Amino acid sequence: MRAWSFACFLALVTLQAAVYSAQLSAGSLSNEQRIAIRQSLPDLYEASVVELQAGLESGLFTSVDLVNAYLARIEEVNLQGPLLRAVIETSPSALAQAAALDAERLATGPRSLLHGIPVLVKDNIATLASEGMNTTAGSYSLLGSVVPAEAGVITKLQAAGAIILGKANLSEFAHFRGNLASGWSGRGGQCTNAYFPHADPCGSSAGSAVAASVGLAAVTLGTETDGSITCPANQNNLVGIKPTVGLTSRAGVIPISEHQDTVGPLTRSVADAAIVLSVIAGPDANDNFTLAQPSPVPDYTAALNGNALANVRIGVPRAVFMNDTITGNDPYVNEVFEAALEVMRALGATVVDPADLPSAEAIAASGNETVVLDTDFKIQLNAWYAGLLANPSGVRSLAELIAFDDANPALEEPPQYTSQSDFIAAEATTGFNATYYAALEYDYEMGRTNGIDAALEMYNLDALILPAPGMTTVPAGKFPLGFYPENVTIGLAGPETVYPAPGVPIGLSFLGTAWSEFALVSYAYAYEQYTHTRLARRAYAEAIPTTQLWDIIYGM
Ligand SMILES: *[C@@H]1O[C@H](CO)[C@@H](O)[C@H](O)[C@H]1NC(C)=O
Ligand SMILES: *[C@@H]1O[C@H](CO)[C@@H](O)[C@H](O)[C@H]1NC(C)=O
Ligand SMILES: *[C@@H]1O[C@H](CO)[C@@H](O)[C@H](O)[C@H]1NC(C)=O
Ligand SMILES: *[C@@H]1O[C@H](CO)[C@@H](O)[C@H](O)[C@H]1NC(C)=O
Ligand SMILES: *[C@@H]1O[C@H](CO)[C@@H](O)[C@H](O)[C@H]1NC(C)=O
Ligand SMILES: *[C@@H]1O[C@H](CO)[C@@H](O)[C@H](O)[C@H]1NC(C)=O
Ligand SMILES: CC(=O)N[C@H]1CO[C@H](CO)[C@@H](O)[C@@H]1O
């Protein structure tokens, strides 16, 4: 438990406990009491971690109640009704974990703000097979496989007392298989956005984002290599943090590339994102990139300062990143972005516009990222398959994976979902050589030295800001900016999905230099507290689950 949040949370707990504990122990409740209790229970569509923790501490409900409520909400919307297909599997041991954590809370108190809080994680983040869930990146080639160890971030979550509620659907292999629709996987099918029927959820952390957007769990984890947290955060009205590579452990995460993969939170508020990041950040002996991070890990909740944008210099890198011809953004995105710049100014920030990256044109033209990702993916994915303690499909390498998909079209290559172009390009690479090292060097030069860091230095900036979806860099925090208007021209995104579409959210991104998450969280918080854009629009009615804690506790 960290100082700032603890104080705040204790105040809430004390208040609620004083009011309701007596009533809950009473055998029969008066009408007024029922209404009071019902009103005191958080709405799971929006509930924050601090609110849930307060309710758990005061005995208003238990973690068992919470798990039951979230499971019922998943049941309502996942494979029926709106067919969100956000969740691939739920944990058969979640209720037992919840009961044990409830008992521990009574005996010795909460371990952290995440004690007894249900979390969904993307299906490329390893959980122990003995806990009952698969780790497959959405692929049947990994169904029933036994991982040698859980992911480093799972160890940290569980040490903090979090409950792993289930695994979220994703673009298969984090969208590194081929030219496939965002949010589709062989095992999970097509995940869809909760803001418009069959809208594109973006990916690859599609299921994590959709689940967080309508409260199928308290918070979720996604992963990003290039846009896989920031784009779904953008399109699902969420806060997403793409941490600096090496702030959060990638050990036990089905890889694309150790040079770009990173794990981060997808949540409904900046405060929740700060709480989760504080738990999952930090060194892990099994991922040596994490050993390079500054010590100690900051308490990101201490960054939640509503005045954080005062006297801060924010740059707008318009060239390339705001050119609709290159980004493909609907012109409406730039319209709402201009309004956001006015908010920054109102909050005391100096907006430096434009503040272009010297490398902008070179970044847009370069294929060097692909050279690095293709080479790394083959080496690291082969190592993943080779390291499994068992794999019923028999697949033990990328080459065998390609053959498995071709041999099992009903599972992995239904019509319009046949592409394996990324797999095939990666399989053709021959390992580290001079071309690879030059490409890696070039990427760091263009992205960091001559890119973000150069712009921050040239214009004396604290951060950069961009509308979303835009292009992605490190690190970035994305959060709600607005929504597409009712008259937007609906486009096709995939065989089963549309984008843009009326009411689909649009996000805003703060970007900074390596390890600047603390500052970025503070800017995002100041903007969020001033605008509260997320609350301006809800998902479409059918996509909102109706089960609440009340139904679970009192069965009515
Ligand atoms: C994996 O998924 C299969 C099929 O849904 C299921 O039978 C099994 O219990 C799951 N868990 C593990 C650890 O294999
Ligand atoms: C991690 O270890 C490998 C060798 O095991 C080494 O090549 C690499 O440079 C290390 N990376 C970091 C960031 O320390
Ligand atoms: C946007 O990009 C296109 C294509 O590269 C280019 O032709 C155009 O000049 C750019 N627009 C601006 C305003 O820079
Ligand atoms: C990588 O960048 C170099 C330097 O600009 C360029 O010559 C090369 O064509 C790029 N490689 C690819 C595959 O785009
Ligand atoms: C490095 O390997 C790639 C294939 O992975 C190949 O295209 C490239 O020509 C090689 N470069 C050198 C310098 O051998
Ligand atoms: C959509 O409606 C807005 C007013 O709500 C209007 O300003 C805009 O021009 C319309 N766009 C189209 C494409 O009709
Ligand atoms: C929890 C849940 O609903 N899981 C489902 C995800 O989608 C697959 C494929 O449709 C189903 O088999 C799972 O039951």
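Look up a bit, the structure's there.
Residues numbered from 1 in each chain as written. Chains lettered and ligands numbered in written order. Predicted model: local features only at pLDDT ≥ 70, side-chain atom pairs only at ≥ 80, totals over all residues. Heavy atoms only, no water.

This part is about the overall build of the protein chain. The helix and strand tally for the protein chain stands at 20 helices and 15 strands. Relative to the globule expectation of 24 Å for 556 residues, the C-alpha radius of gyration of the protein chain, 23 Å, shows essentially globular dimensions. Expressed as lengths along the three principal axes of its C-alpha atoms, the size of the protein chain is roughly 75 × 60 × 50 Å. When burial is assessed residue by residue, the protein chain has 60% of its 556 residues classed as buried. Restricting to contacts in the protein chain with at least 6 residues of sequence separation, those with at least 24 account for 76%. The protein chain carries 25 positive and 54 negative side-chain charges, and their two centres are separated by 5 Å. (Helix = DSSP H or I, 4+ residues; strand = E, 2+ residues; numbered from the N terminus. Rg over C-alpha atoms; globule rule 2.2 N^0.38 Å. Buried < 20%, exposed > 50% of the residue type's maximum accessible area, 1.4 Å probe, protein only. Contact = heavy atoms within 4.5 Å. Lys, Arg positive; Asp, Glu negative; His and termini not counted. Charge placed at Lys NZ, Arg CZ, Asp CG, Glu CD.)

With that out of the way, let us pick up the nonpolar core. Formed by 126 residues in total, the largest nonpolar core has its most connected members in Leu157, Leu309 and Phe510. When residues of this core are assigned to their parent elements, the largest contribution, eight residues, is made by helix α10 (residues 270-280). When near neighbours in sequence (up to four residues on either side) are disregarded, Leu157 contacts Leu114, Val119, Val121, Ala162, Ile164, Leu221, Val279 and Ile280. (Core = buried A, V, L, I, M, F, W, Y, C linked by side-chain atoms within 4.5 Å.)

Next up on the list: the packing of aromatic side chains. Counted by the stated rule, this structure contains 13 aromatic pairs. With a centroid separation of 5.9 Å and an interplanar angle of 15°, the aromatic rings of Phe377 and Phe423 are classed as stacked. Of this pair, Phe377 sits in helix α14 (residues 368-387) while Phe423 sits in helix α17 (residues 421-427); the two residues are 46 residues apart in sequence, bridging distant segments of the chain. For Arg250, the ring lying beneath its charged end belongs to Phe289, and the centroid distance is 4.7 Å. In this arrangement the basic side chain of Arg538 is found over the ring face of Tyr45, its NZ or CZ atom lying 4.1 Å from the centre. (Phe/Tyr/Trp six-rings, centres within 6.5 Å; stacked < 30°, edge-to-face > 60°. Lys NZ or Arg CZ within 6 Å of the ring centre and 35° of its normal.)

What follows is about helix α5 (residues 94-108). In this model α5 runs 21 Å from its N-terminal to its C-terminal C-alpha over 15 residues, within 8% of the 21 Å that 1.5 Å per residue would give. Taken as a whole, α5 has its buried residues at Ala94, Gln97, Ala98, Leu101, Asp102 and Arg105. Summarising the axial view, the buried residues of α5 lie within an arc of 140°, below the 170-degree limit, and thus occupy one face. For α5, the exposed residues lying more than 90 degrees away from the buried face are Ala96, Leu106, Ala107 and Thr108. Each element contacted by the buried residues of α5 is listed here: α3 (49-57), α4 (63-77), α6 (152-159) and β3 (163-168). Backbone geometry just downstream of α5 places Gly109 in the positive-phi region, at approximately 85°. (Expected span 1.5 Å × (residues − 1). Arc of directions from axis to C-beta.)

Right, let's talk about the environment of Gly491 for a bit. Turning to its location among the elements, Gly491 is positioned in the loop between β12 (476-483) and β13 (492-494). The spacing of Gly491 and Ala199 is 292 residues in sequence and 9.5 Å in space, taken between C-alpha atoms. Beyond its immediate chain neighbours, meaning those up to four positions away, Gly491 contacts Val498, Tyr499 and Pro500.

Another point: the packing of α14 against helix α18 (residues 434-458). Interhelical geometry of α14 versus α18 gives an angle of 125° and a closest axis separation of 8 Å. Taken together, the axes of α14 and α18 are oblique relative to one another. Crossing of α14 over α18 shows left-handed handedness. Contacts from Asn368, Glu369, Val371, Val372, Thr375 and Asp376 in α14 reach Thr435, Tyr436, Ala439, Leu440, Tyr442 and Asp443 in α18. Here the residues of the contact of α14 with α18 sort into six nonpolar, three polar and three charged. (Axes fitted to C-alpha atoms, helices over the stretch in contact; angles between N-to-C directions. Parallel < 35°, antiparallel > 145°, perpendicular 65-115°, else oblique. Left-handed = near helix turned anticlockwise from the far one by under 90°. Nonpolar A, V, L, I, M, F, W, Y, C, P; charged D, E, K, R; others polar.)

Attention now moves to the state of the cysteines. All told, the structure shown has one disulfide when counted by the stated rule. One disulfide in the model links Cys202 with Cys231; its S-S distance is 2.0 Å. Between Cys202 and Cys231 the disulfide shows an S-S torsion of about 100°. By sign, it is right-handed. Of this pair, Cys202 sits in the loop between β5 (189-190) and α8 (206-213) while Cys231 sits in helix α9 (residues 230-235), and the two are 29 residues apart along the sequence. The burial state of Cys202 is the same as that of Cys231; both residues are buried. (Disulfide = S-S within 2.5 Å.)

Once that is clear, we can look at the environment of Ala455. Relative to the elements of secondary structure, Ala455 occurs in helix α18. As a C-alpha pair, Ala455 and Ala292 span 163 residues in sequence and 24 Å in three-dimensional space.

Moving on, we get to the pattern of salt bridges. Under the defined criterion, the tally for this structure stands at 16 salt bridges. Salt-bridge contacts for Lys167 lead to Asp123; the nearest nitrogen and oxygen are separated by 3.8 Å. Of this pair, Lys167 sits in strand β3 while Asp123 is found in the loop between β2 (118-122) and α6, placing the two residues 44 residues apart along the sequence. This pair shows no difference in class: Lys167 is buried, exactly as Asp123 is. Here the salt bridges share partners, and the residues they tie into one network are Glu89, Asp123, Lys167 and Arg187. (Salt bridge = Lys/Arg side-chain N within 4 Å of Asp/Glu carboxyl O.)

Among the five residues in strand β11 (residues 463-467), five count as buried, and that is most of the element. Sheet topology note: the strand β9 (residues 313-315)/β11 ladder contains two bridges and is parallel. Directly across from Gly315, in β11, lies its bridge partner Leu464. The pairing of β11 with strand β15 (residues 505-511) spans four bridges and is classified as antiparallel. (Pairing = 2+ DSSP bridges.)

As a further point, take the side chain of Gln293. Its location among the elements puts Gln293 in the loop between α10 and β9. A polar contact is formed between the side chain of Gln293 and the backbone oxygen of Gly246, at a distance of 3.2 Å. A distance of 3.2 Å separates a polar atom in the side chain of Gln293 from the backbone oxygen of Leu247. Contact partners of Gln293, with chain neighbours within four places excluded, come to Gly246, Leu247, Gly282, Pro283 and Trp515. (Polar contact = N/O pair within 3.5 Å; in protein donor to acceptor, adjacent residues only side chain to side chain.)

A word on the side chain of Ser213. Position of Ser213 relative to the elements: it lies in helix α8. Using a relative accessible area of 0% as the deciding quantity, one classes Ser213 as buried. Residues contacting Ser213, with those up to four places away along its chain left out, are Tyr45, Ala194, Tyr195, Asn236, Leu238 and Arg534.

It is worth stressing that arrangement in space is one thing and function is another; only the former is reported here.
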